[in-house]
Amino acid sequence: MKRALITGLDGFTGQYLAREMESAGWEVYGIGMAELPASPRYRCIDLADAAGLASLINDVQPDAVAHLAGIAFVGHGDAEAFYRVNLIGTRNLLEALAKTGKPLRRVLLASSANIYGNAAEGVLDESTRPNPANDYAVSKLAMEYMAHLWFDRLPIVIARPFNYTGVGQSISFLLPKIVDHFRRRADVIELGNLDVWRDFSDVRWVAAVYRRLLECAPAGETVNVCSGKTHSLRQVLEMAETITGHSINVEVNPAFVRQNEVKTLSGDPARLQELIGELEAPSLETTLRWMLSHEPIAG
């Protein structure tokens, strides 16, 4: 059976990718930072532990690797941690993989569309000039540059996901925050600019995209993971109100309003579709209905 190693298996996306891979016949192994119930296929390993990573990879001998582990919340308070985990941690992983000597089918690195920054307007394709605007985005772009040093030794594919959400995402992220307020039938929610349009996807669809990239994307590719469709936050609120029958008062908090914020930002999915073919995605309303029917994750 084909073996897949997922870093960040204990995280939001990792759990969905594990199910997606298993449903397609892969034997899934994983690492993470959480102490999960005992399992021979999961280990709690820090990406800073180069020796631990090497030992695990020698034991598992994966055929494909999806590297999802990292600090994903832009507002994380420790700027240095972005670089320790997202950059140096990734380098430790790639070095351990290169040393195993076993031919790998594919290594997927999850970067971020945040590398494009907030200045570019409209539809962004992979040729759009990076312009990172925070430490998170800089750490992801630095990871991409570092990964190129390994292209001659490892079959790497870099994914740049745009916004995506789903059940299990922390309420520190925007859409889960909105969902949480509607589930609690709160009277008031504080948000920033409501008239910004963004490209939102469903985590289940993203997991399916990642699997297809692992299975069929040529090595050396960098590709946007996006729908190419945009919705405004005002539309998100209207959908949630329609689904729940609950009306909520929105207060604009100036602290949440970015200066010179781009009004419309979406990805161009053309290259993704060339690589993996058409893959139908749930509508945003479908995703919101799913999220509103489940308990949110705090913190």
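Check the entry above for the structure.
The structure reproduced in this document is the subject of the present report. (Residues numbered from 1 in each chain as written. Predicted model: local features only at pLDDT ≥ 70, side-chain atom pairs only at ≥ 80, totals over all residues. Heavy atoms only, no water.)

## So, the overall build of the chain
This is how the line gets drawn: Every helix listed is a DSSP run of H or I at least four residues long, and every strand listed is a run of E at least two residues long, numbered separately from the N terminus. For a compact globule the rule gives 2.2 Å times the number of residues to the power 0.38, and the radius of gyration it is set against comes from C-alpha atoms. Only protein chains enter the accessibility calculation, which uses a 1.4 Å probe; a residue is then buried when its area is under 20% of its type maximum, exposed when over 50%, and partly exposed in between. Should any heavy atoms of two residues lie within 4.5 Å, those residues are considered in contact. Calculation of accessible area relied on Shrake-Rupley with a 1.4 Å probe; when residues are assessed, cover is drawn exclusively from the protein chains displayed. Under the counting rule used here, the positive set is Lys and Arg, the negative set is Asp and Glu, and His together with the chain ends is not counted. To locate a charge, the coordinates of NZ of Lys, CZ of Arg, CG of Asp or CD of Glu are taken.
Regarding its fold elements, the chain presents nine helices and 15 strands. Against the globule reference of 19 Å for 299 residues, the chain gives a C-alpha radius of gyration of 19 Å, in line with a compact fold. The C-alpha extent of the chain, read off along each of the three principal axes, is 60 × 40 × 40 Å. A total of 299 residues make up the chain; the buried ones form 49% of that total. When contacts within the chain are restricted to residue pairs at least 6 apart in sequence, long-range pairs at least 24 apart make up 78% of them. Approximately 13500 Å² of the chain is accessible, and the part contributed by carbon and sulfur atoms is 50%. The average position of the 29 basic charges and that of the 36 acidic charges among the side chains of the chain differ by 4 Å.

## Section: the packing of aromatic side chains
The test is simple: Any pair of Phe, Tyr and Trp rings, taking the six-membered ring for Trp, is counted once the centres come within 6.5 Å. Such a pair is stacked with planes under 30 degrees apart, edge-to-face with planes over 60 apart, and tilted for the rest.
Per the counting criterion, the structure on display carries five aromatic pairs. Seen from their ring centres, Y16 and W290 are 5.9 Å apart, and the 80 degrees between their planes marks the pair as edge-to-face. Remark: W290 occurs in helix α9 (residues 284-292) and Y16 occurs in helix α1 (residues 12-23); sequence separation between them is 274 residues. Taken together, F12, Y16, Y164 and W290 form an aromatic cluster joined through their ring pairs.

## Overview of the sheet that holds strand β12 (residues 222-225)
As a reminder of what qualifies: Paired strands are those between which DSSP finds at least two bridges. Helix axes use the C-alpha atoms of the stretch in contact, all axes being lines fitted to C-alpha atoms, and the angles between their N-to-C directions lie in the range 0 to 180 degrees.
With parallel pairing, the seven strands of this open sheet are ordered in space as β3-β2-β1-β4-β5-β7-β12. Since the sheet does not close on itself, it has two edges, and those belong to β3 (42-44) and β12, each with one partner. In this sheet, neighbouring strand axes are inclined to one another by 20 degrees on average, regardless of whether the strands run parallel or antiparallel. Bridge count for strand β2 (residues 27-32) against β3 is three bridges, and the pairing is parallel. The residue bridging G30 from the neighbouring strand is Y42, located in β3. Across the sheet, α1 touches β1 (3-7), β2 and β4 (64-67), and the angle it forms with β1 is around 175 degrees. Most of the contacts of helix α2 (residues 50-60) go to β1, to which it runs at about 160 degrees, and overall it touches β1, β2 and β3.

## Re α1
Taken residue by residue, α1 has F12, T13, G14, Y16, L17, A18, E20 and M21 as its buried positions. Turning to α1, the residues buried within the fold contact β1, β2, β4, β8 (164-165), α6 (203-216) and α9. The first or second residue beyond α1 is G25, which carries a positive phi of 95 degrees.

## A short note on the sheet that holds strand β15 (residues 264-267)
Overall, mixed pairing links the four strands, which are arranged β6-β15-β10-β13 in an open sheet. A strand with exactly one partner marks an edge of an open sheet, and here the two such strands are β6 (122-124) and β13 (231-232). As judged from the two bridges shared by strand β10 (residues 197-198) and β15, these two strands associate in the parallel manner. Residue W197 lies in a different strand from β15, and its bridge partner there is T264.

## Some remarks on the pairing of β12
Alternating residues of β12 divide into T222 and N224 and V223 and V225, and every residue in both groups is buried. Pairing analysis gives four bridges linking strand β7 (residues 156-161) to β12, with the strands arranged parallel. In the sheet register, P161 faces β12, and the bridge partner there is V225.

## Observations concerning the pattern of salt bridges
To be explicit about the condition: Take a side-chain nitrogen of Lys or Arg and a carboxyl oxygen of Asp or Glu: if they are within 4 Å of each other, that pair is a salt bridge.
Counting across every chain of the model gives 17 salt bridges. In this structure, E215 engages R211 in a salt bridge whose closest nitrogen and oxygen atoms are separated by 2.8 Å. Here E215 and its partner R211 are both found in helix α6, four residues apart, which amounts to about one turn of the helix. Its relative accessible area of 22% is what places E215 among the partly exposed residues. For R211, a relative accessible area of 17% corresponds to the buried category.

Everything listed here is a matter of coordinates, which is why it stays silent on function.
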